[in-house]
Amino acid sequence: LVRRKRRVILSNAHFSPDGQFVVYSSNEGNLGHHVYVVEVRTGAVRRISSLVSGACEPRFSPDGKRVVHVRRNHLTPQHSEIIEHVLATEDGAGS
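Quick notes on the rules
- As a convention, each chain's residues are numbered from 1 in the sequence order in which they are written.
- Since the coordinates come from a predicted model, pLDDT governs what is reported: local features require at least 70, and pairs of side-chain atoms require 80 or more to be given and counted, while whole-chain, interface and lining totals use all residues.
- The basis for every side-chain value is the complete set of non-hydrogen atoms in the structure, without hydrogens or water.
- Secondary structure counts use DSSP, requiring at least four H or I residues in a row for a helix and at least two E residues in a row for a strand, with both numbered from the N terminus.
- Each pair of strands is called paired provided DSSP finds at least two bridges between the two strands.
- Every axis in this analysis is a line fitted to C-alpha atoms, fitted for helices over the stretch in contact. Angles between the N-to-C directions lie between 0 and 180 degrees.
- Take a side-chain nitrogen of Lys or Arg and a carboxyl oxygen of Asp or Glu: if they are within 4 Å of each other, that pair is a salt bridge.
- Accessible area is worked out with a 1.4 Å probe on protein chains only. A residue is then buried under 20% of its type maximum, exposed over 50%, and partly exposed in between.
- Only heavy atoms matter for contacts: two residues are in contact if any of them lie within 4.5 Å across the pair.

Caption draft 1: Just the overall build of the chain, in detail. Along the chain, the regular secondary structure elements total zero helices and seven strands. Counted from the first residue to the last, the chain has its helices and strands arranged as β-β-β-β-β-β-β.

Next up, the structure:
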């Protein structure tokens, strides 16, 4: 489904409830781990996590309209937080 260069790790894959998308984390681009969504039908991939810190453990909400993941930030006392992304709808709303 997703082809990447050697030494690129794809992990924590999770299918959307309708099976149309897969969310995963990857170290692609040498920027640490980030969260990506791929459309199964087309193979189109987009990064949804911030470049500011690492991200892992992505999961779709039960309705498939949101993705949550853990943001890793070792520069803050909390070190980790849960981030939620609202995925774009057919009318283009969302992030």
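Caption draft 2: Looking closely at the sheet that holds strand 6 (residues 66–72). As summarised here, the arrangement of the three strands in space is 5-6-7, forming an open sheet in which the pairing is antiparallel. Taken across any chain shown, the strands that pair with only one partner, and hence form the sheet edges, are strand 5 (54–60) and strand 7 (80–86). Strand-to-strand twist across the sheet, computed as the mean angle between neighbouring axes with direction ignored, equals 25°. Of the strand pairs in this sheet, strand 5 and strand 6 are connected by five bridges, and their pairing is antiparallel. Residue pairing across strands places Phe60 opposite Val67, the latter belonging to strand 6.

Caption draft 3: Just the pattern of salt bridges, in detail. Scanning the entire structure with this criterion turns up three salt bridges. Across the salt bridge formed by Arg66 and Glu84, the nearest N and O atoms sit 2.7 Å from each other. Of this pair, Arg66 sits in strand 6 while Glu84 is found in strand 7, placing the two residues 18 residues apart along the sequence. A relative accessible area of 29% places Arg66 in the partly exposed class. We classify Glu84 as partly exposed; its relative accessible area is 49%.

Caption draft 4: Region of the structure containing the sheet that holds strand 2 (residues 21–26). Read across the sheet, four strands follow the order 1-2-3-4 without closing on themselves; strand pairing throughout is antiparallel. The sheet is open, and its two edges are formed by strand 1 (10–15) and strand 4 (45–47), each paired on a single side. Across this sheet, the average inter-strand angle for adjacent strands is 25°, counted without regard to direction. Summarising the sheet, strand 3 (residues 34–39) and strand 4 pair through three bridges and their orientation is antiparallel. Bridge pairing links Tyr36 to Arg47 in strand 4.

Caption draft 5: Main features of the environment of Val67. Here Val67 shows up in strand 6. Judged by relative accessible area, which is 0%, Val67 ranks as buried. Each C-alpha atom, one on Val67 and one on Val23, is 8.0 Å from the other, the two residues being 44 residues apart in sequence. When neighbours within four sequence positions are excluded, Val67 is seen to be in contact with Val23, Ile48, Pro58, Arg59, Phe60, Ile83, Glu84, His85 and Leu87.

The quantities given are spatial measurements derived from coordinates; they are silent on function.
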